[in-house]
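Chains, contacts and geometry: an overview
The residues making up each chain are set out below.
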There are 2 protein chains.
Amino acid sequence: MNEAERCAEQMKNKGILIVISGFSGAGKGTLVKRLLQKYDNYALSISMTTRQPREGERDGVEYFFRDKEQFEATIAQNGLIEYACYCGNYYGTPKAYVEEQLEAGKDVILEIEIQGALKVKEQFPESLLLFVTPPSAAELERRLVGRGTESMEVIRKRLARASEESEGIEAYDYIVVNDVLDVCVDEVHHLVDAARRAPVRREAFIKEIREELKGFAKGAE
Amino acid sequence: MNEAERCAEQMKNKGILIVISGFSGAGKGTLVKRLLQKYDNYALSISMTTRQPREGERDGVEYFFRDKEQFEATIAQNGLIEYACYCGNYYGTPKAYVEEQLEAGKDVILEIEIQGALKVKEQFPESLLLFVTPPSAAELERRLVGRGTESMEVIRKRLARASEESEGIEAYDYIVVNDVLDVCVDEVHHLVDAARRAPVRREAFIKEIREELKGFAKGAE
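Residues numbered from 1 in each chain as written. Chains lettered and ligands numbered in written order. Predicted model: local features only at pLDDT ≥ 70, side-chain atom pairs only at ≥ 80, totals over all residues. Heavy atoms only, no water.

1. So, unusual backbone geometry
Residue and element names in this part refer to chain B. Just so we agree on the cut-off: We count a stretch as a helix when DSSP gives it H or I for four or more residues in a row; a strand needs E for two or more, and each element gets its number in order from the N terminus.
The phi dihedral of asparagine 78 is positive, around 60°, even though this residue is not glycine. Mapped onto the elements, asparagine 78 comes out in the loop between helix 3 (68–76) and strand 5 (80–86). Of note, cysteine 87 is a non-glycine position whose phi angle comes to about 50°, a positive value. Tracing the chain through its elements places cysteine 87 in the loop between strand 5 and strand 6 (89–94).

2. Thoughts on the interface of chain B and chain A
Interface size is commonly expressed as the accessible surface area that is lost when the partners come together. Put simply, the rule is: In this description, contact between two residues means that some pair of their heavy atoms is separated by no more than 4.5 Å. The term buried area means the drop in 1.4 Å probe accessible area that two parts suffer when joined, counted for both and summed. Salt bridges are counted wherever a side-chain nitrogen of Lys or Arg sits within 4 Å of a carboxyl oxygen of Asp or Glu. Contacts described as polar in this section are N or O atom pairs within 3.5 Å, which, within protein, must combine one atom able to donate a hydrogen with one able to accept it, while residues neighboring in sequence count only if both atoms come from side chains. Throughout, the ten residues Ala, Val, Leu, Ile, Met, Phe, Trp, Tyr, Cys and Pro are labelled nonpolar, Asp, Glu, Lys and Arg are labelled charged, and all others, Gly among them, are labelled polar.
Across the boundary between the two partners, chain B contributes 44 residues, which contact 44 residues of chain A. Both faces combined, the contact of chain B with chain A buries some 3900 Å², and carbon together with sulfur accounts for 66% of it. Counting across the chain B and chain A interface gives six salt bridges. Salt-bridge contacts for Glu187(A) lead to Arg197(B); the nearest nitrogen and oxygen are separated by 3.0 Å. If you look at where chain B meets chain A, you find 16 residue pairs in polar contact (both at pLDDT 80 or more). Here the side of chain B that touches chain A takes eleven residues from helix 9 (residues 203–220) of chain B, the largest share from any one element. A per-class count over the side of chain B that touches chain A returns 26 nonpolar, seven polar and eleven charged.

3. Concerning the packing of helix 2 (residues 28–38) of chain B against helix 8 (residues 181–195) of chain B
Residue and element names in this part refer to chain B. Selection rule: Interaxial angle, 0 to 180 degrees, is taken between N-to-C directions of lines fitted to C-alpha atoms, where a helix line uses only the stretch in contact. To sort the angles, those under 35 degrees are grouped as roughly parallel, those over 145 as roughly antiparallel, those from 65 to 115 as roughly perpendicular, and the leftovers as oblique. Left-handed describes a crossing whose near helix is turned anticlockwise from the far helix by less than a right angle; the clockwise case is right-handed.
In the contact formed by helix 2 and helix 8, the axes pass within 10 Å of each other and the chain directions differ by 65°. Classified by the interaxial angle, the pair formed by helix 2 and helix 8 is roughly perpendicular. In this structure, helix 2 meets helix 8 at a crossing whose hand is right-handed. In contact with Thr30, Leu31, Arg34, Leu35 and Lys38 of helix 2, helix 8 contributes Leu181, Asp182, Cys184, Val185, Asp186, Val188 and His189. In terms of residue class, the contact of helix 2 with helix 8 is made up of six nonpolar, two polar and four charged.

Structure (structure tokens):
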């Protein structure tokens, strides 16, 4: 497919909602950043939060910054795909922004933990759920230790958390092993490309070829 | 993944059963031939038939040649994944051969029409169903006419058949548009590679990382 055809195809088809989860230390953040840098079909979902902006953070870029009242009004209007409360602040995924981007043909990336991922799948059954993992648990430990920023106690807690999270892997469509980052980036890109070929995401194409074939078949009668 | 790792992985994981269907004139035969030439992870399923071998055809290579009695005994033993009768001869897919190849880590290709494909999916729910189509019905007609070997009547019948077959596309995992052959070959290879990352096909990996993480989590208690 050349670039013009890809664009035409994109206009006919909605984008894919991509949910990325995985163990803390699996390298999800870097992976997503590289995907966005390397390919232009992706858009990052922007979360809504009630926490205060940090220096340099802009509304509508890093987050949609809202107060508690506004956030709860959005919940009441069913305007969030999922939300959760951490450390006394709300964090959630605004549905409208995601839907706009999908309609525009963008593949929207949502980096989120498993509970949220399952809620997304409920509301967007055609979303693509990816679970990112290092090649082994030993490698996960090595990476967490290698960061040098956390105490052994925190690292052990993260590994215990990973052990719990590993119970949910079967809910995901694909397991992505992040060994060499650039290889992993292209793997994810190929998985998204594969997903685009599922009949549920090629409805326009199927409808078109069916109608055309029906025309030919009529000619044969 | 380097070659040694790929081999080790292959020994841990069974191969994938790949069912290829599609319109007559979509280029399935050439596609399969190229896949087998270009990559060494594929094996072609060998059909069993009661028809007479043609000149140069060898038992166990082009087909397993059996007489009617032997074929029906294989049916009775539930030894065929699917079978059908064309022009007074039986044709079927021997289960044992497919299973041997899958166990050996080979990705087994089965070129078969939709009724057979659905039977395969029933018995091998983890099989990967691919539907091959030209970019459009007009292109399908062009290719059928371009062959120059068939009367317009036969071509029209094929198009009418294609129209019927198009009703079954949703049963397939992926639609593969065969426009430029070499691009299409690599697309199929990527789809198989994607399928390998589904949790159902990475059971060994999941089990291993879970156990390893459990060990770490215990250490944290």
